[in-house]
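# Observations on the model geometry
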Amino acid sequence: MKDRYRATRGDKNALRRDLRPGDSIFIINEHAGDWGPSQTYREYIVTNKTSLISGYPIVEATSHGGKEPVDSLLARERDIYTQRPTTIPNVAVKDSHAAYTEDAHRTARLVGDLHAMEASAALASHYKRLARR
């Protein structure tokens, strides 16, 4: 499995071939904020279902539970990653920057990241179990 899939015909077909139920894929989003540009990532889990129209696997967002075919996601976002970004915050982790000291903010971010990873691991385990049936 590649680390990055781009919105090309070859990568789209490779993505269809490589993805298995329970796999995690990641989208990196660019944001323009008051303090300059920033990035977050969103995680999706491959379900055991496929699109009736395209035949591509359907993915579920861990942050909001929305589902869509992976080819639509690739066409909209232009890049899909298979490795979790380590230096970019997860969009599903919410915290208030003004309410914490630097140490408390760092700890809250780590706890939020851990919770998000546990939730995505549980969702991935669920779809892997369904695919074995």
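These numbers come from a predicted model, not from an experiment.

## Focus on the side chain of Asn90
Mapped onto the elements of the fold, Asn90 is located in the loop between strand 6 (79-81) and helix 3 (102-132). Since its relative accessible area comes to 3%, Asn90 is described here as buried. Not counting chain neighbours up to four residues away, the residues in contact with Asn90 comprise Tyr41, Arg109, Asp113 and Ala116.

## Comments concerning unusual backbone geometry
Phi is positive for Arg78, which is not a glycine, with a value near 75 degrees. Note that Arg78 resides in the loop between helix 2 (70-77) and strand 6. Judged by relative accessible area, which is 48%, Arg78 ranks as partly exposed.

## With respect to the pattern of salt bridges
Inspection of every chain in the model, using the stated rule, returns six salt bridges. Here Asp79 and Arg4 are joined by a salt bridge, their closest N and O atoms 3.0 Å apart. Separated by 75 residues along the polypeptide, Asp79 in strand 6 and Arg4 in strand 1 (residues 4-6) bring together distant segments of the chain. Judged by its relative accessible area of 18%, Asp79 falls in the buried class. Linking Asp18 and Arg17 is a salt bridge whose minimum nitrogen-to-oxygen distance equals 4.0 Å. Bridged by salt links that share partners, the residues Glu68, Arg76 and Glu77 form one connected network.

## Section: helix 1 (residues 9-18)
Among all positions in helix 1, only Asp11, Ala14 and Leu15 are buried. All buried residues of helix 1 project into a common sector of 105 degrees when viewed along the axis, lining one side. Residues of helix 1 that are exposed and angled more than 90 degrees away from the buried face: Arg9 and Arg17. Where helix 1 is buried, its residues touch strand 1, helix 2 and strand 6.

## Section: the packing of aromatic side chains
Across all of its chains, the model carries one aromatic pair by this definition. Centroid distance Phe26 to Tyr41: 5.8 Å. Interplanar angle 70 degrees. Geometry classified as edge-to-face. With Phe26 in strand 2 (residues 24-33) and Tyr41 in strand 3 (residues 36-50), this residue pair connects regions lying 15 residues apart in the sequence. Look at Phe26 and you get buried, because its relative accessible area is 2%.

## As for the pairing of strand 4 (residues 57-61)
With respect to burial, strand 4 is a largely interior element, five of its five residues being buried. Going residue by residue along strand 4, you find Pro57, Val59 and Ala61 tucked away on one face and Ile58 and Glu60 tucked away on the opposite face as well. Sheet topology note: the strand 3/strand 4 ladder contains four bridges and is antiparallel. Counterpart to Val46 in the pairing with strand 4 is Val59.

Rules used throughout
Residues numbered from 1 in each chain as written. Predicted model: local features only at pLDDT ≥ 70, side-chain atom pairs only at ≥ 80, totals over all residues. Heavy atoms only, no water. Helix = DSSP H or I, 4+ residues; strand = E, 2+ residues; numbered from the N terminus. Buried < 20%, exposed > 50% of the residue type's maximum accessible area, 1.4 Å probe, protein only. Contact = heavy atoms within 4.5 Å. Salt bridge = Lys/Arg side-chain N within 4 Å of Asp/Glu carboxyl O. Arc of directions from axis to C-beta. Phe/Tyr/Trp six-rings, centres within 6.5 Å; stacked < 30°, edge-to-face > 60°. Pairing = 2+ DSSP bridges.

In short, geometric facts, not functional conclusions.
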